[in-house]
Amino acid sequence: MKLLLTSGGVTNASIHGALLGLLGKPIAEASALCIPTAQWGHPWCGPASARRFITDGSPATMCGLGWKSVGVLELTALPSISQDRWVPWVKEADVLLVDGGDATYLAHWMRASGLAELLPALSETVWVGLSAGSMVMTPRIGKLFVEWPGAPDDRTLGLVNFSIFPHLDHEMMPGNTLAAAEQWASSVAGPCYAIDDQTAITVVDGTAEVVSEGHWKLLRA
């Protein structure tokens, strides 16, 4: 897949331009499926925050960007229906918009639903992750970001070779400092990026590039 791994969504012109480059077409001509599943694994999230993600207004950063169409793909429901129904929905979508919450919970349901197994076949699909929706693609998220009690450890899908510390210096998350990120990185093997909500990482054919109008740091190459 083509990946756009964000901390806060499509929050500025540079990230928007990166999204257009990955899509290869205008947003108004692209169909999207949004995935709110990660929210159910995090204690800060619930029905109201899931609705905010899906309705995405002021300002629009994910579902409200002007897509040709937007549907909802709830991964926890997929094991109860035939793959003959939902696999075509995914294959026909140009982009998957994946919300935050708990990345270990999201990874669990990506595997349990069969979506993780399907990903290699989606070579032209763009994955746009927000926070945990980005972190799920990494090998590990660190114990700091595990909120789901059912998580056996901090491992996620490992489809990229680096880990992500999101929401760097966010005004509503006073603990997300660079010092905290550096301490977090010391417990996570491999390359680590700390990124704020004005930063994203694109990954195409295994090559990662940072897109930013904010601040970020590669904590370990």
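All figures in this text were calculated on a predicted structure; none of them were measured in a lab.

K.L.:
Help me out: how do you make sense of the pattern of salt bridges in this one?
P.N.:
Overall, the coordinates contain five salt bridges when judged by the stated rule. Here Arg155 ties to Asp153 by a salt bridge, and the two come within 2.6 Å at their closest N and O atoms. Under the relative-accessibility criterion, Arg155 is labelled exposed at 54%.

K.L.:
Can you help me understand the sheet that holds strand β3 (residues 69-72) in this one?
P.N.:
Strands pair in a sheet through their backbones, by hydrogen bonds, and they do so in one of two ways: parallel or antiparallel. Read across the sheet, seven strands follow the order β3-β2-β4-β5-β1-β8-β9 without closing on themselves; strand pairing throughout is mixed. Every other strand in the sheet has two partners, leaving β3 and β9 (207-212) as the edge strands with one partner each. If you compare each strand with its neighbour and ignore which way they point, the axes differ by 20 degrees on average. Here strand β2 (residues 31-35) pairs with strand β4 (residues 95-98) via four bridges, running parallel. Looking at β4, one finds that Leu33 is bridged to Leu96.

K.L.:
Where do I start with the environment of Gln198 in this structure?
P.N.:
Relative to the helices and strands, Gln198 resides in the loop between β7 (192-195) and β8 (199-204). Along the sequence, Gln198 and Ser14 sit 184 residues apart, while their C-alpha atoms lie 8.9 Å from each other. With sequence-adjacent residues up to four places away left out, Gln198 is seen in contact with Thr11, Asn12, Ile15, Val211, Ser212, Glu213 and Gly214.

Cut-offs applied
Residues numbered from 1 in each chain as written. Predicted model: local features only at pLDDT ≥ 70, side-chain atom pairs only at ≥ 80, totals over all residues. Heavy atoms only, no water. Salt bridge = Lys/Arg side-chain N within 4 Å of Asp/Glu carboxyl O. Buried < 20%, exposed > 50% of the residue type's maximum accessible area, 1.4 Å probe, protein only. Pairing = 2+ DSSP bridges. Helix = DSSP H or I, 4+ residues; strand = E, 2+ residues; numbered from the N terminus. Axes fitted to C-alpha atoms, helices over the stretch in contact; angles between N-to-C directions. Contact = heavy atoms within 4.5 Å.

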